[in-house]
Amino acid sequence: MKIEVLRIGQRLVRDDRVTTHVALVSRAFGASKILMYDANPEIKDTVSKVNKMWGSDFQVEIIEDWKKALRSKKSDLYKIVHLTMYGENINTIETELKKEDKILVVVGAEKVPREVYDIADYNIAIGNQPHSEISALAILLDRILDGKQLQKKLGNAQREIIPTKKGKRVMNKTID
Ligand code: SAM
């Protein structure tokens, strides 16, 4: 399944750390791109450094108009998956969601406008209690991909971690 993420909200510049974490979770948990606007351009540099060192070509796209981006993805046959505590519980919708080919996951930063609920093909709650866009996104992606992304090796990495019971083992893959 092709997965992209759109982060919306009115305070993205003041919310840099959370936006960075949303981008890193998207990358590490199996999405191929994040679309964001009004965000600090340094987030793009941070993600590209992570890509270079740890692999993948995960993309950060800075957009001007999120409503236009939503419409454009919809006409490109992406299903819009809006994460909201008011939605249908993930446990009831998970099987249906897994059958989709392309999805755009929308996460909010604060109050999300009504039109997002209307344009969404799925309004999904990761439980019906308020928590965070970072945790909601991680759990959604983990449910969709059944944890497989946690063992996936990402291409073009300079370094690769060798999992160990204690300590840190890192293989340097670049040839000097
Ligand atoms: N009151 C806000 C609203 O009206 O959406 C909640 C904002 S919350 C701090 C930021 C984002 O986290 C939400 O827009 C949503 O994407 C995500 N989120 C928080 N709790 C969630 C839950 N239980 N299920 C799904 N997504 C959640």
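Residues numbered from 1 in each chain as written. Predicted model: local features only at pLDDT ≥ 70, side-chain atom pairs only at ≥ 80, totals over all residues. Heavy atoms only, no water.

Caption draft 1: Expanded view of helix α4 (residues 90-97). Looking only at α4, the buried set comprises Ile-90, Ile-93, Glu-94 and Leu-97. Viewed end-on, α4 has its buried residues packed into an arc of 130°, placing them on one side of the element. Exposed positions of α4 whose direction lies more than 90 degrees from the buried face are Asn-91, Thr-92 and Thr-95. In the core, the buried residues of α4 are packed alongside β4 (79-89), β6 (122-125) and α6 (133-145). One side-chain oxygen of the residue at the start of α4 lies 3.0 Å from the amide nitrogen of Asn-91, identifying that residue as Asn-89. (Buried < 20%, exposed > 50% of the residue type's maximum accessible area, 1.4 Å probe, protein only. Helix = DSSP H or I, 4+ residues; strand = E, 2+ residues; numbered from the N terminus. Arc of directions from axis to C-beta. Contact = heavy atoms within 4.5 Å. Polar contact = N/O pair within 3.5 Å; in protein donor to acceptor, adjacent residues only side chain to side chain.)

Caption draft 2: Molecular detail of the side chain of Glu-100. Following the sequence through the fold, Glu-100 ends up in the loop between α4 and β5 (102-107). Buried within the structure, Glu-100 lacks any salt-bridge partner; Lys-79 is the closest side chain of opposite charge, at an N-O distance of 4.7 Å. Within the structure, Glu-100 has its side chain in polar contact with the side chain of Tyr-122 (distance 2.5 Å). (Lys, Arg positive; Asp, Glu negative; His and termini not counted. Salt bridge = Lys/Arg side-chain N within 4 Å of Asp/Glu carboxyl O.)

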